[in-house]
Amino acid sequence: MGSTGDWHAFLEEFRSFGGRAENVVQREGPFGLGLFPINPTDPVELMVPKNLLVPADNVTLRDGEAVIQDDSAFPHGYADWFRRYQANYSWGAEGEASVTRFETGLQQLPDDVRGALQHLKLYATEEHLPATNMRENMLRRFLNSRCLGRQGRLLVMPIVELVNHSPAANNWETQPDGGVAVTGERSGEVLVKYSNADPLRRLMGYGFNALEPLAFSLFIRFVHNGQQVLVQGGGGRHWFQPTTIEQKNNTLVIHQPLLGFQHGRRLPLTLFLSACRAVPGLNGREMFERLHQANTEALVNLLRRLEPVRSDTADLLRNGCLNQLLALSHHVGHRFDLVPNLKEISDLTSSLAN
Amino acid sequence: MGSASDWHAFLDEFRTFGGKAENVMQRKGAFGMGLFPIDPAKPVDLFIPDELLVSIEHIELRGGEVVIKDDNSFPAGYGDWFRRYQANYSWGAEGRENTLAFEEGLKGLPDSIGMMMKRVGLYNSDNRFPGTDPDQELLNRFIQTRCINRKDRRVIMPMIDLLNHAPSAKPYDMSGDGIAVAGLHDGEVLVKYSVSDPIRRLLGYGFNAPETLGFSLSFRLQHRDRLVVVQGGGGRQPLQPCGIELKDDRVVLKQPLLASSTSPKMPRTLLIKACRSLEGIDAHELFEQIHQRNAQALVQMLRELQGVEGDVAQRLRNGCFDQLAALSHHIGQRDDLLAEEAATPAVA
């Protein structure tokens, strides 16, 4: 990270490619390095046009630096700017160090904790990562935590990705041309909601804890009333739509059910009951409670395993489990009127909040 | 604690008063001092007749020893035997020491944890162990962990109170003219002391146990347009609907059962039944609200306990884990029981 003068000169270059970065400065805040308004009474304006978004699979490591592999589709000089940007403000500033620290911390957890995390599909060990090179894998993990997903591709958003996450903030703004922006007045750090995720997945995906208002299920198998049940955990992209439930051979497969939502405590059961209508004879309320039980047991079990472990990563994980338990608790009642027909559920989510 | 021959001589004396203690010996086990069968292939037989039960108000400390205040109503020599029993096998063996360690550990927790436990009705050091008369307070605490209700009295049951607790064990046999525990035991002889949940077992007795039930903590919550006061705890008749009444504008809910691993459909069923007597309550939602508040309180307590060293903090963390696990055991409802009651005509 350079001086303030370097920063402003750097933004000038960014603007010359078509980007915008007004009234912001990078400095250390409560969430690590982040962007802050220079003058809080003026709006900040950050924008990366579509043509400056870099597909993550077009970013590689060259002599330890994160660079664009093929820069033919970008403005002249942008690839060099991108290399210096990564080196001074992103990957090289604290990105590599923080992602490596978190990954190393996970690797140093006791085998039983790592085994439990893998079993719940919260963590893939090094041997399951795509590249054989540790540093390359760290870059992939770093980029995954910084990218915007669009039409099946992950896109790096220079400058805009320096903004930290808050569950209470607004999402990225999508520009008419497909670019990405963050704008408006900010009295403190500029924050944005990266995505819809629950606390444990935010931690495992991004390396930090946040009090996310949503809770999805973990990956879990159990037997309920003689029926094998497989719950595919996770979720987030279409969290407001009913999960799908299907019978596959002898197993009931439940896809990414929403189990808790702080801002609409009736939504999780409402969505689940609606999905259950696809399976004749299934008692949706019982199954919903069984999912909660299985999740609680798994989290408590993980917390017990973490008890004797003393490390920063263990502390992060403990807090992640507690945040997840809290997020899971946000379900109260359901909307009787919506269960029979949830076609318009996405339009009605705001009215579901208690 | 004396030698094996002391133990057997002691049991012989107990038998002369009418008690039974066959095929058992005291030794250290997984739960501290406990009773074990001498020959696991043979049944153990422990029995104390009602006449040898000692009301707790008849017990006092004298020169550091636990004695019967006035032993006139007991067989001759029983008062002296009781004093030696307490000194060698109960209060003096490890009872006082364990009680003191636990109470001091609780008092030594950070204030924020103490306040939190007070707020949810789990622990109040001002009442429980104020420290103005530490010996008497410790004895009171010890007695609370060893006594039982018998014929409208709170009584101490010598010999039987040496048994340790397991949630899966049978309760005391109180069907006869005394209290008994008998049968084959291939390991430690264990008994289920009472109906409780993990966090209350810990705070009441000082040890962790994976109890099968979960009761609520105490708090107030807003349910629709009503203020609901939830009185936590419970245990005497867990499979009966909890009490519910309207006091001024408040709904008072007394000790609702929230979870049972052996009867997971009962907690919701019982709350629905209880709520039928009041209008304006959605029992399903209220049940889930109460669960939510319990989970929040336990998570908050675990957060406060993070980084707190010490054996009692560790036990409290484990108690919160056990309680969270216990509270997860509620699945569905018993429609048959709800329909049954709804169909029963009111008795004039």
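In this text, all values refer to a predicted model and were calculated from it rather than measured experimentally. (Residues numbered from 1 in each chain as written. Chains lettered and ligands numbered in written order. Predicted model: local features only at pLDDT ≥ 70, side-chain atom pairs only at ≥ 80, totals over all residues.)

Draft legend 1. Representation of the overall build of chain B in the model. In terms of regular secondary structure, chain B is built from 11 helices and 18 strands. In summary, chain B has a C-alpha radius of gyration of 22 Å against a globular reference of 20 Å for 348 residues, a match within 12%. Seen through its principal axes, chain B has C-alpha atoms that stretch 65 × 50 × 40 Å. Counting across all 348 residues of chain B, residues that qualify as buried make up 41%. A fraction of 64% describes how many contacts in chain B between residues 6 or more apart in sequence connect residues 24 or more apart. (Helix = DSSP H or I, 4+ residues; strand = E, 2+ residues; numbered from the N terminus. Rg over C-alpha atoms; globule rule 2.2 N^0.38 Å. Buried ≥ 20, exposed ≤ 12 C-beta atoms within 10 Å, placed from the backbone. Contact = placed C-beta atoms within 7 Å.)

Draft legend 2. Here's a closer look at the overall build of chain A. Across its full length, chain A holds 10 helices and 19 strands. Over its C-alpha atoms chain A spans a radius of gyration of 22 Å, differing by no more than 12% from the 20 Å that the globule rule assigns to 354 residues. Its C-alpha atoms give chain A principal-axis dimensions of roughly 65 × 45 × 35 Å. By residue count, 40% of the 354 residues in chain A fall in the buried class. At a minimum sequence separation of 6, the contacts of chain A that also span at least 24 residues come to 63%.

Draft legend 3. Seen up close, the domain arrangement of chain B. All names here are of chain B. Domains assigned within chain B are domain 1 (4-193) and domain 2 (213-343). Each of domain 1 and domain 2 has a C-alpha centre, and the two are 30 Å apart. Contact with domain 1, which involves 12 residues of that partner, is made by 15 residues of domain 2. Every element with two or more residues in the side of domain 1 that touches domain 2 is listed here: helix 3 (91-107) and helix 4 (111-119). Here the residues of the side of domain 1 that touches domain 2 are counted per class, giving eight nonpolar, four polar and no charged. (Domains from an automatic or database assignment. Nonpolar A, V, L, I, M, F, W, Y, C, P; charged D, E, K, R; others polar.)

Draft legend 4. Expanded view of the interface of chain B and chain A. Of the residues lining the interface, 21 residues belong to chain B; the matching set on chain A comes to 22 residues. For the side of chain B that touches chain A, the elements supplying multiple residues, two or more each, are helix 9 (283-305) and helix 10 (311-327) of chain B. Ranked by residue count, the leading element in the side of chain B that touches chain A is helix 9 of chain B, at 10 residues. Split by residue class, the side of chain B that touches chain A holds seven nonpolar, nine polar and five charged.

Draft legend 5. Representation of the pairing of strand 17 (residues 244-248) of chain A in the model. All names here are of chain A. Of the strand pairs in this sheet, strand 17 and strand 18 (residues 251-255) are connected by five bridges, and their pairing is antiparallel. Counted as the bridge partner of T244 is H255 from strand 18. Hairpin connection between strand 17 and strand 18: a loop of two residues separates the two successive antiparallel strands, and N249 in this loop has a positive phi of roughly 55 degrees. (Pairing = 2+ DSSP bridges.)

Draft legend 6. Expanded view of the pairing of strand 18 of chain A. Examined bridge by bridge, strand 16 (residues 227-232) of chain A and strand 18 of chain A share five bridges and lie parallel to one another. In the strand pairing of strand 18 of chain A, V231 of chain A is matched with I254 of chain A.

Draft legend 7. Representation of the sheet that holds strand 9 (residues 153-156) of chain B. Residue and element names in this part refer to chain B. Read across the open sheet, the three strands follow the order 5-9-8; overall the sheet is antiparallel. Here the strands that pair on one side only, and so sit at the sheet edges, are strand 5 (54-55) and strand 8 (147-150). As paired elements, strand 8 and strand 9 share four bridges and run antiparallel to each other. Each residue of the ladder has a partner; that of I148, found in strand 9, is V155.

Draft legend 8. Just the nonpolar core, in detail. Residues L325 of chain A together with L271 and L324 of chain B are the most contacted members of the largest nonpolar core, which totals 133 residues. If one sorts the elements of this core by residue count, helix 9 of chain B sits on top with 10 residues. Non-local contacts of L325 of chain A, meaning those with residues more than four positions away in its chain, are made with T296 and L299 of chain A together with A295, V299 and L324 of chain B. Core analysis: the next-biggest nonpolar cluster, separate from the first, contains 39 residues, L46, I59, I143 and I156 of chain B among them. (Core = buried A, V, L, I, M, F, W, Y, C linked by C-beta atoms within 7 Å.)

Draft legend 9. Geometry of the sheet that holds strand 15 (residues 220-224) of chain A. Residue and element names in this part refer to chain A. An order of 15-16-18-17 is seen for the four strands of this open sheet, with the pairing classed as mixed. Every other strand in the sheet has two partners, leaving strand 15 and strand 17 as the edge strands with one partner each. Adjacent strand axes in the sheet meet at a mean angle of 25 degrees when their direction is disregarded. Relative to strand 16, strand 15 runs antiparallel, the two sharing five bridges. Considered in strand 16, the bridge of R221 is made with L230. (Axes fitted to C-alpha atoms, helices over the stretch in contact; angles between N-to-C directions.)

Draft legend 10. Summary view of unusual backbone geometry. All names here are of chain A. You will see that K121, though not glycine, has its phi angle at about 55 degrees, which is positive. Summarising the element assignment, K121 is placed in the loop between helix 4 (111-119) and helix 5 (134-144). We note that N225 has phi near 50 degrees; this positive angle belongs to a residue other than glycine. Here N225 lies in the loop between strand 15 and strand 16.

Draft legend 11. Representation of the environment of P55 of chain A in the model. Residue and element names in this part refer to chain A. Position of P55 among the secondary structure elements: in strand 5 (residues 54-55). Residue classification places P55 among the partly exposed residues on the basis of 17 C-beta atoms within 10 Å. The spatial distance from the C-alpha of P55 to the C-alpha of E45 is 23 Å, given a sequence separation of 10 residues. The contacts of P55, once residues within four sequence positions are left out, are R153, L154 and L155.

Draft legend 12. Up close: helix 2 (residues 78-89) of chain A. All names here are of chain A. The terminal C-alpha atoms of helix 2, which comprises 12 residues, lie 15 Å apart, in line with the 16 Å expected from a rise of 1.5 Å per residue. Every buried residue of helix 2 is accounted for by Y78, W81, F82, Y85, Q86 and Y89. Buried residues of helix 2, seen end-on, are gathered within an arc of 135 degrees and therefore sit on one face of the element. On its buried side, helix 2 packs onto helix 1 (4-16), strand 2 (24-29), strand 5, strand 7 (65-68) and helix 3 (91-107). (Expected span 1.5 Å × (residues − 1). Arc of directions from axis to C-beta.)

Draft legend 13. Structural context of the domain arrangement of chain A. For chain A, the assigned domains are domain 1 (4-90 + 146-193) and domain 2 (214-352). Here domain 1 of chain A and domain 2 of chain A have C-alpha centroids that lie 34 Å from each other.

Draft legend 14. Structural view of the packing of helix 9 of chain B against helix 10 of chain B. Residue and element names in this part refer to chain B. Contact geometry for helix 9 and helix 10: axes closest at 10 Å, N-to-C directions at 160 degrees. In this view, helix 9 runs roughly antiparallel relative to helix 10, as classed from their interaxial angle. Between helix 9 and helix 10 the crossing geometry is left-handed. Between helix 9, through H291, N294, A295, L298, M301, L302 and L305, and helix 10, the contact on the second element is made entirely by A313, L316, R317, C320, Q323, L324 and L327. (Parallel < 35°, antiparallel > 145°, perpendicular 65-115°, else oblique. Left-handed = near helix turned anticlockwise from the far one by under 90°.)

Draft legend 15. Quick look at the confidence of the model for chain B. Per-chain confidence: chain B averages 94 in pLDDT, with 97% of residues scoring 70 or above. Per the prediction output, this complex has pTM 0.92; the corresponding ipTM is 0.92. (pLDDT = per-residue confidence, 0-100.)

Draft legend 16. Broad picture of the packing of helix 7 (residues 267-276) of chain A against helix 8 (residues 284-306) of chain A. Residue and element names in this part refer to chain A. Two elements in contact, helix 7 and helix 8, have axes separated by 9 Å at closest approach and are oriented at 125 degrees. Our classification of the angle between helix 7 and helix 8 gives oblique. Handedness of the helix 7/helix 8 crossing: right-handed. Residues L269, F272, L273 and C276 of helix 7 form the contact with helix 8, whose participating residues are G284, R285, M287 and F288.

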